[in-house]
Amino acid sequence: MCGRYVLEDFEELSERLIQVPLRYGFQPRDTWNAAPTQILPVVVEGDGDWVVEGMQWGLIPKWTKPGERAKTAPINARAETLNERPMFRSLIKHRRCLVPASGFYEWQKRGGAKQPYYIRPRDGGLMFFAGLFDEAPGDQPDEPRRSYTIITTNANELMAPLHDRMPVVLEAVDYAEWLDRDETDPAPLERLLAPYPSEEMEAYPVSRAVNNIRHNDPSLIEPESE
């Protein structure tokens, strides 16, 4: 699964996507402990262009009424069952997004305790998770509640000792295909929802301070001895 992640260089996001516009009130900032319910940046296809929008992490179904708390707000969606669950079935056809991250955390069970690990690209650059987003009615007609979920797949060899799931990390050559709103058949996209190559990632233990979402500073991703 993916329950926390990092976006430590927002400027790089703009450079990677060639100055994509920013809208919907998201104030760009670095974060070392992105957590569910926070408003975080995602990339979507707008009217012919890509845009970065702030959305809540944790999918609020479109049938949720204004002011109503969602009965479920999944932060992850299993790649294998996207076409089976009503919450995701239409989104995989029409509402796909990219979730930018510098890396993500996972916890390894060790007896009665859990050791957090930080997983990131070996080259230290940004990666983009495959995601789905939705809109639910807001308190104002022109202010919908926009939210997203991160798609997960089976763990690769690097991740397997930590957890049996991992976020779907897309290759740069696949970004445009994933975001293309004209592609409404999910079948050709299934090949993209595979584990990212282990040799292109690294993982190392970090401080248990990441367990508390109030902690949000660069020390969270510093390596610790096991």
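All values reported here derive from a predicted model rather than from experimental measurement.

(A) Up close: the overall build of the protein. When its secondary structure is counted, the protein shows four helices and 14 strands. At 17 Å, the protein has a C-alpha radius of gyration in line with the 17 Å of a compact globule built from 226 residues. Overall, the protein is about 50 × 35 × 35 Å in size when its C-alpha atoms are taken along their principal axes. In the protein, which comprises 226 residues, the share counted as buried stands at 50%.

(B) Summary view of a negative patch on the surface. Judged by side-chain charge, D123, E157, E171, E199 and E200 come together as a negatively charged surface patch. Among the structural elements, E171 can be located in the loop between β13 (169-170) and α4 (175-179). A residue is classified by how much of its surface remains accessible, and E171, at 32% relative accessible area, is partly exposed.

(C) Structural context of the pairing of strand β8 (residues 103-110). Summarising burial for β8: six of the eight residues are buried, a large majority. Alignment of strand β1 (residues 5-7) against β8, held across two bridges, turns out to be antiparallel. Each bridged residue has a counterpart across the sheet, and for V6 the counterpart in β8 is G103. Pairing between β8 and strand β9 (residues 113-121): seven bridges, direction antiparallel. Paired with E106 across the bridge in β9 is Y117. In this antiparallel pair of consecutive strands, β8 and β9, the connection spans two residues, and G111 shows a positive phi of 65°.

(D) Representation of empty space enclosed by the protein within the structure. Enumeration according to the criterion identifies one cavity of 30 Å³ or more in this entry. By volume, the largest cavity amounts to about 50 Å³. Forming the boundary of the largest cavity are V44, E45, K93, H94, R95, R96, F133, W178, L179, D180 and R181. Elements represented by at least two residues in the lining of the largest cavity include exactly β4 (39-45), α3 (91-94) and α4.

(E) Broad picture of the pairing of strand β5 (residues 50-57). Of all eight residues in β5, six are buried; the element is thus mostly enclosed. As consecutive antiparallel partners, β4 and β5 are separated by four residues, and within that stretch G48 has a phi angle of approximately 90°, a positive value.

(F) Just the pattern of salt bridges, in detail. All chains considered together, the criterion is met by eight salt bridges. For R146, the salt bridge identified is with E53, shortest N-O distance 2.4 Å. Here the residue R146 occupies a position in strand β11 (residues 145-154), and E53 occupies one in strand β5, the gap between them amounting to 93 residues. R146 sits in the buried class, given a relative accessible area of 10%. Residue classification places E53 among the buried positions, given a relative accessible area of 0%. Connected via shared salt-bridge partners are E53, E135 and R146.

Procedures and definitions
- Residues numbered from 1 in each chain as written.
- Predicted model: local features only at pLDDT ≥ 70, side-chain atom pairs only at ≥ 80, totals over all residues.
- Heavy atoms only, no water.
- Helix = DSSP H or I, 4+ residues; strand = E, 2+ residues; numbered from the N terminus.
- Rg over C-alpha atoms; globule rule 2.2 N^0.38 Å.
- Buried < 20%, exposed > 50% of the residue type's maximum accessible area, 1.4 Å probe, protein only.
- Patch = residues over 30% accessible without salt bridge, like charges linked within 9 Å, V, L, I, M, F, W, Y side chains within 5 Å.
- Areas by Shrake-Rupley, 256 points an atom, 1.4 Å probe, with all protein chains shown as cover.
- Salt bridge = Lys/Arg side-chain N within 4 Å of Asp/Glu carboxyl O.
- Lys, Arg positive; Asp, Glu negative; His and termini not counted.
- Charge placed at Lys NZ, Arg CZ, Asp CG, Glu CD.
- Pairing = 2+ DSSP bridges.
- 1 Å grid on protein atoms, 1.4 Å probe; cavity = no way out; pocket = protein on both sides within 12 Å on 5 of 7 lines; lining within 4 Å.
- Points joined across faces, edges and corners; volume = space filled by probe spheres on them.

By themselves, these figures tell us nothing about what the structure is for.
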